[in-house]
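Observations on the three-dimensional arrangement
Listed here are the chains, written in short residue letters.
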Amino acid sequence: MYAYLGSRTTRDRNARGEGISVFRVDADTGALEPAQVVKDLVNPSFLALNRRGDRLYSVHGDMSDISAFAVDRATGRIEFINRQSTHGKNPVHLALDPTGKYIVVSNHIGASLAVLPLTDDGALGEMTQLVRLDGPIGPHRTEQKQAKPHFNPFDPSGNFVIVPDKGLDRTFSFRFDNGKLTPASPAFVESRESAGPRHVVFHPNGRHAYVVNELDSTVTTYAYNRATAQLTPVQILPTLPETFTGNSRAAEIEVDRSGRFVYASNRGHDSIAVFAVDPGTDLLRFAGTDLSQGRTPRFFATHPNGRLLYALNEDSDTIVAFHIHPSSGRLSPTGFSAQTGSPVCMVFSPGQA
């Protein structure tokens, strides 16, 4: 198995990353062994693999580009295929549709979603649709000056794309049909003012979605209508301990494969919040926070085996591995840590040792 790591690389980001790093993942310990670094890339900050694991895609933060790479599954090594424009600025997320024929990108600046087709060999075609997001901006003086879509995953059915927007305090729903986005009905759900919805994840049963709100460090649980993509709020909880009064912003969110735990990262408190999921209602109970053993965990990723979690500490240049306790979901360091510049995204692909 291999792990692919995206990083910040530019001076404007005060970054120390080199590009996209490839690691061989030890099946027993979860340790990461360097296999390749693809340099001379500008902020390859979010990555996505296709289902076969033989094509890797990266958006380039602060630019207007998306790149495609071929993956050698035997060695894990990647090779550049081509690049296309996203017709926006600072693309921050990308998601492949279930057919593998299209990719959707969030342009954080410019407030748009771009749809690009993929050729039979996985190369990127030119953009075919650009959807702009608009609405009344939130009251945060620095972070909500315009619409700011930050994430655009497909729902479990593959028929809808869900888009949290940090600038508008809204989470949008779009139907995706034959390579085209159209607003669902209703088209969005409002969050609290200055919540700043950032990322969303679905419970494995598809009945609920969890949105992490960056600016007020909370997680909102939504009942999810799988036929219409309507999101109905049912609960909101903080990601921080009640004794913490410093500055912090939430970032990443994941649910484990079993649907028993939800995790969210805190940048400032520098921790991973752990929530237990009620098996009958899918509602959350805050179980506590575990320190990320570094600074600014912008991203984290759970190992496909469900027993390990990797925290990517952007400002201390480390990836730290944790054991996931099987009954509580709490995290304990494994003792493994990898030094790597400004890590911000990691995805896993099966491969041969």
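Bear in mind that the values here come from a model prediction, so they are computed numbers and not experimental data.

Quick look at the side chain of Ser-316 now. For Ser-316, the position within the fold is in the loop between strand S24 (308-313) and strand S25 (318-324). Relative accessible area serves as the criterion here: at 17%, Ser-316 is assigned to the buried category. One polar contact links the side chain of Ser-316 to the main-chain amide nitrogen of Arg-295, over a distance of 2.9 Å. Excluding residues that lie within four positions of it along the chain, Ser-316 makes contacts with Gly-294, Arg-295 and Gln-339.

Bringing the side chain of Lys-166 into the picture now. Within the secondary structure, Lys-166 is located in the loop between strand S12 (160-165) and strand S13 (170-177). A distance of 3.1 Å separates the side chain of Lys-166 from the side chain of Glu-143, its partner in a polar contact. One polar contact links Lys-166 to Glu-214, side chain to side chain, over a distance of 3.4 Å. Not counting residues up to four positions away in its chain, the partners in contact with Lys-166 are His-108, Glu-143, Gln-144, Lys-148, Gly-196, Pro-197, Glu-214 and Leu-215.

Okay, unusual backbone geometry next. The bulk of non-glycine residues show a negative phi, and the bulk of peptide bonds are trans. The omega torsion across Ser-185 and Pro-186 is 0°, close enough to zero to call that bond cis. On the secondary structure map, Pro-186 appears in strand S14 (residues 180-190). We note that Ser-217 has phi near 50°; this positive angle belongs to a residue other than glycine.

What follows covers the packing of aromatic side chains. The final tally for this structure, using the stated rule, is ten aromatic pairs. The interplanar angle of 90° and the centroid separation of 5.2 Å between the aromatic rings of Phe-154 and Phe-176 together place this pair among those described as edge-to-face. Separated by 22 residues along the polypeptide, Phe-154 in the loop between strand S11 (129-132) and S12 and Phe-176 in strand S13 bring together distant segments of the chain. A network of ring pairs unites the aromatic residues Phe-46, Phe-151 and Phe-299 as a single cluster. Across the ring face of Phe-188, the terminal group of Arg-170 is positioned such that the distance to the ring centre comes to 3.7 Å.

Here the focus is the layout of surface pockets. Looking at the largest pocket, its volume works out to about 1700 Å³. Lining the largest pocket are 49 residues; nearest its centre among them are Ala-48, Leu-49, Leu-96, Pro-153 and Val-347. Counting residues per element, the ones that place at least two in the lining of the largest pocket are strand S4 (44-49), strand S5 (55-60), strand S8 (89-96), strand S15 (197-202), strand S19 (249-255), strand S23 (297-302) and strand S27 (343-349). In this structure, the second largest pocket occupies an estimated 450 Å³ of space. Taken together, 24 residues make up the lining of the second largest pocket; nearest its centre are Arg-13, His-150, Arg-198, Arg-267 and Arg-298. For the lining of the second largest pocket, the secondary-structure elements that each account for two or more residues are S4, S8, strand S9 (102-109), S15, S19 and S23.

Turning our eyes to something else, we now look at the nonpolar core. Within soluble globular proteins, side chains that are nonpolar tend to cluster in buried spots. If you look at the biggest cluster of nonpolar residues, it comprises 57 residues, and the most contacted ones within it are Tyr-4, Leu-56, Leu-94, Ile-103, Tyr-310, Ile-319 and Met-346. In this structure Ile-103 touches Tyr-57, Ile-66, Leu-94, Ala-95, Leu-96, Ala-114, Val-115, Leu-116, Leu-118 and Leu-124, once residues within four positions along its chain are discounted. Ala-111, Phe-154, Phe-172 and Leu-181 belong to the second-largest nonpolar core, a separate cluster that totals 17 residues.

The rules we used
- Residues numbered from 1 in each chain as written.
- Predicted model: local features only at pLDDT ≥ 70, side-chain atom pairs only at ≥ 80, totals over all residues.
- Heavy atoms only, no water.
- Helix = DSSP H or I, 4+ residues; strand = E, 2+ residues; numbered from the N terminus.
- Buried < 20%, exposed > 50% of the residue type's maximum accessible area, 1.4 Å probe, protein only.
- Polar contact = N/O pair within 3.5 Å; in protein donor to acceptor, adjacent residues only side chain to side chain.
- Contact = heavy atoms within 4.5 Å.
- Phe/Tyr/Trp six-rings, centres within 6.5 Å; stacked < 30°, edge-to-face > 60°.
- Lys NZ or Arg CZ within 6 Å of the ring centre and 35° of its normal.
- 1 Å grid on protein atoms, 1.4 Å probe; cavity = no way out; pocket = protein on both sides within 12 Å on 5 of 7 lines; lining within 4 Å.
- Points joined across faces, edges and corners; volume = space filled by probe spheres on them.
- Core = buried A, V, L, I, M, F, W, Y, C linked by side-chain atoms within 4.5 Å.

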